[in-house]
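Now for the letters of each chain:
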Amino acid sequence: MSNILWKSLVVSPAILGAALLASSTAIAAPSTNQEASSIETSSTTEVSQKPTTLATETKEAQILAQVNRYSNENNTSLNQVTSVSQFSDVQPTDWAFQALQSLVERYGCIAGYPNGTYRGNRALSRYEFAAGLNSCLDRVNELIATATADMVTKQDLATLQRLQEEFSAELATLRGRVDALEGRTAELEANQFSTTTKLKGEAIFAVTDVFGGETGKANRAVFQNRVRLGLETSFTGRDILTTRLAAGNATGFSLRDNANTAINAGGVGKQTFEVGATNPANSVKIDKLTYEAPVGPARVYLSASGGQHSDYAAVNNPYFFDKTDGGKGALSTFASENPIYRIGGGSGIALNVPFGKAGDSFLKPSSLTLGYLASNANDPSPSNGLFDGNYAALGQLNFNVGNRVALAATYVHGYQKPGTTLFDSGLGGGALVGTAQANTLGATSASSSNSYGISAAIKPSNKLSLSGFVSYHDVTGFGANDDKEAWSYGVGLALPDFGKKGNVLGIFGGAQPYSLGPTGRETPYQVEGFYKYRVSENVSVTPGVIWMTSPGQNNTSNDAFIGTLRTTFSF
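Residues numbered from 1 in each chain as written. Predicted model: local features only at pLDDT ≥ 70, side-chain atom pairs only at ≥ 80, totals over all residues. Heavy atoms only, no water.

## Quick look at the overall build of the protein
Right, on to step 1. Each helix and strand counted, the protein has 12 helices and 18 strands in total.
Right, on to step 2. The buried share of the protein, reckoned over its 571 residues, is 46%.
Right, on to step 3. Of the contacts made within the protein by residues no fewer than 6 positions apart, 67% connect residues no fewer than 24 positions apart.
Right, on to step 4. Here the protein has roughly 27300 Å² of accessible surface; of this, 57% comes from carbon and sulfur atoms. (Helix = DSSP H or I, 4+ residues; strand = E, 2+ residues; numbered from the N terminus. Buried < 20%, exposed > 50% of the residue type's maximum accessible area, 1.4 Å probe, protein only. Contact = heavy atoms within 4.5 Å. Areas by Shrake-Rupley, 256 points an atom, 1.4 Å probe, with all protein chains shown as cover.)

In C-alpha cells form, the structure reads like this:
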C-alpha cells in the first residue's frame, strides 16, 4: 500500500464557526493577521482542546485507531527491497522470516523503509505487514491474470493463505477504508473546481462614523462593505496568475471647516476598504490581473490591469500593510504604506533581482527592485497608451540587516497629464492619500514628478515591531506657477499577539502628504490606533480611531475623529 494513501485516510474537514457581536463588548475585542515581511514571523494557529473519550472502544474501532496511528507515524515512503536480509530488524528466528524471504525474493512485493528496516518489532507491525501482504496478493493476482501463473508455487499460495487468514481482520479494515477513499476521491475529482487554481476571498463589513465640530454634524453613521474574490493559478508551481474581482459601496465622509463649508481634503481620512469601491455601488469589476514568475534568480511581475507598486516592492511596514489595502492591516491608506507607492499604477512590468550572499557581512542578501506602470495603457488615443499617458517608474534598493531590520531607499519618476492627481495609484478614483494641496496638479498643463523615500522596519522582539517612512516629492509643472514640493512622514508601533495569539495592537502617527503654498500653511497630522482581534483563522474584528488635524491645511478646519468597527472575513 502506498504510504501517501494512508496519510490521506486521516485527513478530516475542519468546521469553522464565528459569532460576531455588535455590542460594545465586541468593539473591545478586535483582531489581527500578521503580514508577510522580511522581518516578521508567521502567525500561530490556535488548537482547540478536544474532550477525552470515556466510552469503551469496540474491536473494530481499536483496529481503525491503530491504522490511523500507523498512517501518522510512517511519514517516509516505502522503498522496494530485493532481499529479506535488507531488513536489519528481521531475524532468521522470527516466524515470518521464511514467508518474507519468499515473498521478497520471488515476487518483489514487500517494501521497507529508507533506513533499511522493516520495523516488525514495533507495536504496529501487524498493520504494516497487512499493508505489504495486501500488495503481495495484488501482485500474485496480476501474475495469474497475465498467464504467468507458473511463477506462483503451491507452497507460496499456501503461505499467502495462512497469512491472509492470520491478518483477515486487518485486511478487511484496510480494504474497506481504501474503497471508501477511492469513492471519495472519485467524487472530489468529478466536482473539483480546478487542479491549478485556488479561490481566495475577502469580505469587509464596516460600521463607521465621524465626529468633531461641523464635520460631525454634517455626516451620519454608515454601514459599508467591500468584497474581493481572487483566482490564483499556477502553471509550474513557482508562478502565479492572479485574477481578482472586486465590488464595494464605500463613500468617504464630507469634512467641513468652522463655517460648515466643505473642505477639499483630497485623500485625508480615506480608509483602505474604500479603495476599490465600484460605481454603481456593489457592481462587480476585474480590478487586478497580474502574473508573477521566476526568471533565473530574479522574479518578474507583469500587470495587465490594476497593478500597484506595493504589489511587488517591499513596503517595510509590518502589521500595518496588508497586501495593498487589504482588510487585516491599518484602517487608513496613510498608515498602510509610504505614500510614494501611491504614485501611478495600472499596467506594466517589474523585476526583483537579489544580490549579495549570506554570511558575507552583517548585511543579509539584499535586492534591487525596478518597475514601470502606466495608468492608460489600454487606450490607443493620443496622450494615452503605454508610454504617452500617466506613468510611474520605480527603483528601490532593499537591505536586510541581520534578521530583524529591513531598510529600503525608493525613487519614483512620474508623468501626470493635466487635471490629474499625484497620489491616485492609477485607479481612477481620485487621491488615495494626501491633502488637496499636495495632490492638485496643473489644470491645463502636464507635470512630471521626482519622488524620494526611505522606509525602515525594526523588530526588537517577537512582541514588538517599529516601522516608519519619510518621502519627498518634487513636482515640475509644464505651465506657469505649476511647480510644487510635498512632504510626508510617519512612524508606527505594533504589538503582535497582544492579549491573544494573532491579535495586533497598532498605533501610527505622522503627517499626511502636504504642500505648503501661499495659503494653507498648516501641517495635516494624523494619528490612528486600532486593535485587531482574531476571532478565528478566517474572521477578524478591528475597532479603531483616526484623528485628523487641519485636513484642509488651514487653521479654520475642524479636527475630525473617525471611529470604525471593521469585520473581515477571509478564505
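## Section: a nonpolar patch on the surface
Right, on to step 1. Taken together, the side chains of Phe 193, Leu 199, Val 227, Leu 229, Leu 231, Leu 245, Val 284, Ile 286 and Phe 571 present a nonpolar region at the surface, about 810 Å² in accessible area.
Right, on to step 2. When residues of the nonpolar patch are assigned to their parent elements, the largest contribution, three residues, is made by strand 4 (residues 222-233).
Right, on to step 3. Counting through the fold element by element, Val 227 comes out in strand 4. (Patch = residues over 30% accessible without salt bridge, like charges linked within 9 Å, V, L, I, M, F, W, Y side chains within 5 Å. Salt bridge = Lys/Arg side-chain N within 4 Å of Asp/Glu carboxyl O.)

## A few points about the packing of helix 6 (residues 154-166) against helix 7 (residues 168-191)
Right, on to step 1. The contact between helix 6 and helix 7 brings their axes to 5 Å, and the two run at 75 degrees. In terms of orientation, helix 6 lies roughly perpendicular with respect to helix 7. Touching Gln 164, Glu 165 and Glu 166 of helix 6 are Ser 168, Glu 170, Leu 171 and Arg 175, all from helix 7.
Right, on to step 2. Classifying every residue of the contact of helix 6 with helix 7 gives one nonpolar, two polar and four charged. (Axes fitted to C-alpha atoms, helices over the stretch in contact; angles between N-to-C directions. Parallel < 35°, antiparallel > 145°, perpendicular 65-115°, else oblique. Nonpolar A, V, L, I, M, F, W, Y, C, P; charged D, E, K, R; others polar.)

## A few points about the side chain of Thr 272
Right, on to step 1. On the secondary structure map, Thr 272 appears in the loop between strand 5 (240-248) and strand 6 (285-295).
Right, on to step 2. What makes Thr 272 buried here is its relative accessible area of 1%.
Right, on to step 3. Leave out the neighbours within four places in its chain, and Thr 272 touches Arg 226, Asp 325, Gly 326, Ala 330, Leu 331, Ser 332, Thr 333, Ser 336 and Arg 566.

## Re the packing of aromatic side chains
Right, on to step 1. Here the structure, examined in full by the defined rule, presents 17 aromatic pairs.
Right, on to step 2. The interplanar angle of 40 degrees and the centroid separation of 5.8 Å between the aromatic rings of Tyr 372 and Phe 387 together place this pair among those described as tilted. Pair noted here: Tyr 372 is in strand 9 (residues 363-374) and Phe 387 is in helix 11 (residues 385-388), with a separation of 15 residues, a long-range link.
Right, on to step 3. Residue Tyr 372 is classed as buried on the basis of its relative accessible area of 18%. (Phe/Tyr/Trp six-rings, centres within 6.5 Å; stacked < 30°, edge-to-face > 60°.)

## Structural notes on unusual backbone geometry
Right, on to step 1. Note the cis peptide between Asn 279 and Pro 280, where omega equals 0 degrees.
Right, on to step 2. Mapped onto the fold, Pro 280 is located in the loop between strand 5 and strand 6.

## Remarks on the pairing of strand 15 (residues 504-514)
Right, on to step 1. In terms of burial, strand 15 is a largely internal element, eight of the 11 residues being buried.
Right, on to step 2. Relative to strand 15, strand 14 (residues 484-496) is paired through nine bridges, and the arrangement is antiparallel. Its bridge partner being in strand 15, Leu 495 is matched across the sheet by Leu 505.
Right, on to step 3. Summarising the sheet, strand 15 and strand 16 (residues 525-534) pair through eight bridges and their orientation is antiparallel. Considered in strand 16, the bridge of Ala 511 is made with Tyr 525. (Pairing = 2+ DSSP bridges.)

## Some thoughts on the nonpolar core
Right, on to step 1. By size, the foremost hydrophobic cluster in this structure holds 41 residues, and its most contacted members are Tyr 312 and Met 548.
Right, on to step 2. Broken down by secondary-structure element, the contributors of at least two residues to this core are helix 10 (333-336), strand 10 (391-401), strand 13 (464-477), strand 14, strand 15, strand 17 (539-548) and strand 18 (560-570).
Right, on to step 3. Apart from the residues within four sequence positions on either side, Tyr 312 is in contact with Tyr 301, Ala 350, Asn 352, Thr 369, Leu 370, Gly 371, Tyr 372, Leu 373 and Leu 394.
Right, on to step 4. Of all hydrophobic cores here, the second largest spans eight residues; its members include Leu 133, Val 140, Leu 160 and Leu 163. (Core = buried A, V, L, I, M, F, W, Y, C linked by side-chain atoms within 4.5 Å.)

## Concerning the pattern of salt bridges
Right, on to step 1. For the coordinates displayed, the defined rule picks out 11 salt bridges.
Right, on to step 2. Residue Asp 311 is joined to Lys 288 by a salt bridge in which the shortest nitrogen-to-oxygen separation is 3.6 Å. Separated by 23 residues along the polypeptide, Asp 311 in helix 9 (residues 309-312) and Lys 288 in strand 6 bring together distant segments of the chain.
Right, on to step 3. By relative accessible area, which is 13% here, Lys 288 ends up buried.
Right, on to step 4. Connected through salt bridges with shared partners, the residues Asp 325, Glu 337 and Arg 342 form a single ionic network.

## Details of the pairing of strand 7 (residues 298-307)
Right, on to step 1. Where strand 6 meets strand 7, seven bridges bridge the pair, whose relative direction is antiparallel. Bridging across to strand 7, Pro 294 finds its partner in Arg 299.
Right, on to step 2. As judged from the six bridges shared by strand 7 and strand 8 (residues 346-355), these two strands associate in the antiparallel manner. Bridge pairing in strand 8 places Tyr 301 opposite Ala 350.

## Digging into the confidence of the model for the protein
Right, on to step 1. Mean pLDDT for the protein: 80, with 75% of residues reaching 70 or above.
Right, on to step 2. Taken together, the stretch residues 1-57 has pLDDT below 50 and engages in 115 contacts with residues farther than four places along the chain or on a different chain. (pLDDT = per-residue confidence, 0-100.)

## Topic: helix 7
Right, on to step 1. The first and last C-alpha atoms of helix 7 sit 35 Å apart over 24 residues, in line with the 34 Å expected at 1.5 Å per residue.
Right, on to step 2. Taken together, the buried positions of helix 7 are occupied by Glu 170, Leu 171, Thr 173, Leu 174, Val 178 and Leu 181. (Expected span 1.5 Å × (residues − 1).)

## Points about helix 6
Right, on to step 1. Across its 13 residues, helix 6 extends 18 Å between first and last C-alpha, which sits within 8% of the 18 Å expected from 1.5 Å per residue.
Right, on to step 2. Every buried residue of helix 6 is listed here: Asp 156, Leu 160 and Leu 163. Along the long axis of helix 6, the arc covered by the buried residues comes to 65 degrees, so they all point the same way. Of the exposed residues in helix 6, the ones pointing more than 90 degrees away from its buried face are Lys 154, Gln 155, Arg 162 and Glu 165. (Arc of directions from axis to C-beta.)

## Side note on the side chain of Asn 317
Right, on to step 1. With respect to the secondary-structure elements, Asn 317 resides in the loop between helix 9 and helix 10.
Right, on to step 2. Engagement of the side chain of Asn 317 in a polar contact is seen with the backbone oxygen of Ala 335, the distance being 2.9 Å. (Polar contact = N/O pair within 3.5 Å; in protein donor to acceptor, adjacent residues only side chain to side chain.)

## Overview of the environment of Leu 174
Right, on to step 1. Its location among the elements puts Leu 174 in helix 7.
Right, on to step 2. For Leu 174, a relative accessible area of 2% gives the class buried.
Right, on to step 3. The spatial distance from the C-alpha of Leu 174 to the C-alpha of Asn 134 is 8.9 Å, given a sequence separation of 40 residues.

## Some words on the environment of Ile 343
Right, on to step 1. Residue position: Ile 343 is located in the loop between helix 10 and strand 8.
Right, on to step 2. A relative accessible area of 1% places Ile 343 in the buried class.
Right, on to step 3. Separated by 70 residues in sequence, Ile 343 and His 413 have C-alpha atoms that sit 8.8 Å apart.

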